[in-house]
Amino acid sequence: MAAQRLECPVCLEVQDGQQHQCREGHVFCASCDSSLRAPRLCPECRMALGPLSQAIRSRSHEERIAALPAACSHCGLATTRGEVAAHEQGCPQRPRACPAAEAGCAWSGLLADKAAHEATCPFAVCQRMMAPLQSEVQNRQLAAEAGAIEAIVAAMRAHPQEEDVQEQGCRALCIVCCGTDAAGRARKQRAAAAGAIQAVVAALQAHPQVAGVQEDGCGALANVCSGDDAAGRARSQSAADAGAIEAVAAALQAHPQVARVQQQGCWALVNVCSGTDAAGLARKQRAADAGAIEAVVAALQAHPQVEAVQDMGCWALRNVCSGTDAAARARRQRAVTARAPEAATAALQAHPENAAVQGQGQQLRDLLV
């Protein structure tokens, strides 16, 4: 009966929240008050009401409603209507979704089990890995010092079949290993020591049809393997030994219409196939044997208006085709047969204001013609 006396005369329900009243003391819920049409009249005595912005609150009515008994819908705890919402928000029996649900995790469970799930969920692990990498250089170094590189590699190794883990892991490595200063070079070396190169190559090999993995994997290899010092050349050789050259060529061949895959794949070839020593020349030949020359020419032809593809594509071809031995001359002939000179000329004509494209395109054409 107590609850019945607190019903709104309009909707005939006991509503939580604000209650309004007319000057005669008739009470109705704020929701019904807001839906009254002009002229606004009290639903009981028809007294004129002022504008909604000046509504009179019935705080005593609100207090009586808040004191009504209620029970938690999850655990059944007896409480009051004023307290039940706050209790249910933190109730250990309330079902929870994984915080990485938007990233693809479908887990749902109790609050008591949430922490244990987050500790092992590959999606949540990647979210935590990416969190400190959202800013630029300072956060890259902070992330490395906090062990992010090792954590990323560990997550990728632990969940080799999870596409999202591999994609986000490669992306995180690409970000954290960026930079050409001393700290950036140290991060690349730290990644190589942690096994990042092998983890990224494994991701490329395990998910050949997932464009995101191929794009970010090629980008990660390009960043980790960059550097023209002895350490950089050693990382490039480590990548080649792990099968990176073949994996990158396969990425270019599998996703010819995805400009970002083509750009990142060409960039990876630029860095992995650098070097003029015997090992460097062997990597160039390995790229040619994997079909990289034809794949890069196809990229230039398929994306004539994408400056980054034209720049990196011309550079990759120039790297792969360089050398003075018979094998290098054969690679250049192979590029000519694939119409690389024509692709270089088209790049020069399409991007006359882009200095990078002009430089790489002209050097490639000079090498081949």
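Residues numbered from 1 in each chain as written. Predicted model: local features only at pLDDT ≥ 70, side-chain atom pairs only at ≥ 80, totals over all residues. Heavy atoms only, no water.

1. Digging into the overall build of the protein chain
The secondary structure content of the protein chain amounts to 21 helices and seven strands. In terms of overall dimensions, the protein chain is more spread out than a globule: its C-alpha atoms have a radius of gyration of 32 Å, far above the 21 Å expected for 369 residues. Summarising its shape, the C-alpha atoms of the protein chain cover approximately 100 × 45 × 35 Å along the three principal directions. Counting the 369 residues in the protein chain, one finds 45% classified as buried. For the protein chain, contacts bridging at least 24 residues in sequence account for 55% of all contacts bridging at least 6. (Helix = DSSP H or I, 4+ residues; strand = E, 2+ residues; numbered from the N terminus. Rg over C-alpha atoms; globule rule 2.2 N^0.38 Å. Buried < 20%, exposed > 50% of the residue type's maximum accessible area, 1.4 Å probe, protein only. Contact = heavy atoms within 4.5 Å.)

2. Things to note about the environment of A335
Inspection of the secondary structure assignment puts A335 in helix 19 (residues 326-337). Look at A335 and you get buried, because its relative accessible area is 0%. If we skip the residues at most four places from it in the chain, A335 touches I293, C321, A340, P341 and L368.

3. Section: helix 17 (residues 292-302)
Residues A292, I293, A295, V296, V297, A299 and L300 constitute the buried set of helix 17. Elements in contact with the buried residues of helix 17: helix 14 (244-254), helix 15 (259-272), helix 16 (278-289), helix 18 (307-321), helix 19 and helix 20 (340-350).

4. Re the nonpolar core
M156, L173, V200, L221, L269 and L317 are the most contacted members of the largest nonpolar core, which totals 67 residues. F28, C32, C42 and L49 belong to the second largest nonpolar core, which has seven residues in total. (Core = buried A, V, L, I, M, F, W, Y, C linked by side-chain atoms within 4.5 Å.)

5. Some details on helix 10 (residues 182-193)
The terminal C-alpha atoms of helix 10, which comprises 12 residues, lie 16 Å apart, in line with the 16 Å expected from a rise of 1.5 Å per residue. Inspection of helix 10 places G184, R187, K188 and A191 among the buried residues, and these make up the whole buried set. For helix 10, the angular spread of the buried residues around the axis is 100°, confining them to a single face. Facing away from the buried surface of helix 10 by more than 90 degrees, the exposed residues are A182 and A193. Of the residues trailing helix 10, G195 is marked for its positive phi of about 90°. (Expected span 1.5 Å × (residues − 1). Arc of directions from axis to C-beta.)

6. Let's talk about the sheet that holds strand 2 (residues 27-29)
Reading across the sheet, the three strands line up as 2-1-3 and stay open at both edges, with antiparallel pairing between neighbours. Taken across any chain shown, the strands that pair with only one partner, and hence form the sheet edges, are strand 2 and strand 3 (56-57). As paired elements, strand 1 (residues 19-21) and strand 3 share two bridges and run antiparallel to each other. In the sheet register, H20 faces strand 3, and the bridge partner there is R57. The sheet contacts of helix 3 (residues 59-66) involve strand 1, strand 2 and strand 3, and relative to strand 1 the element is tilted by about 145°. (Pairing = 2+ DSSP bridges. Axes fitted to C-alpha atoms, helices over the stretch in contact; angles between N-to-C directions.)

7. What about the layout of surface pockets?
Where empty space is left becomes clear once a probe the size of a water molecule has been rolled over the atoms. Approximately 390 Å³ is the volume attributed to the largest pocket. Lining of the largest pocket is provided by 18 residues; of these, S226, G227, D228, N271 and S274 occupy positions nearest its centre. Breaking the lining of the largest pocket down by element, the ones donating at least two residues are helix 10, helix 15 and helix 18. Top element by residues in the lining of the largest pocket is helix 15. It accounts for three residues. Partitioning the lining of the largest pocket into residue classes produces four nonpolar, nine polar and five charged. (1 Å grid on protein atoms, 1.4 Å probe; cavity = no way out; pocket = protein on both sides within 12 Å on 5 of 7 lines; lining within 4 Å. Points joined across faces, edges and corners; volume = space filled by probe spheres on them. Nonpolar A, V, L, I, M, F, W, Y, C, P; charged D, E, K, R; others polar.)

8. Description of the state of the cysteines
Here a disulfide denotes a covalent bond joining the sulfur atom of one cysteine to the sulfur atom of another. Following the criterion strictly, the structure yields zero disulfides and no others. Free cysteine: C177, not disulfide-bonded; nearest cysteine sulfur from C174 at 8.4 Å. For C177, a relative accessible area of 0% puts it in the buried group. (Disulfide = S-S within 2.5 Å.)

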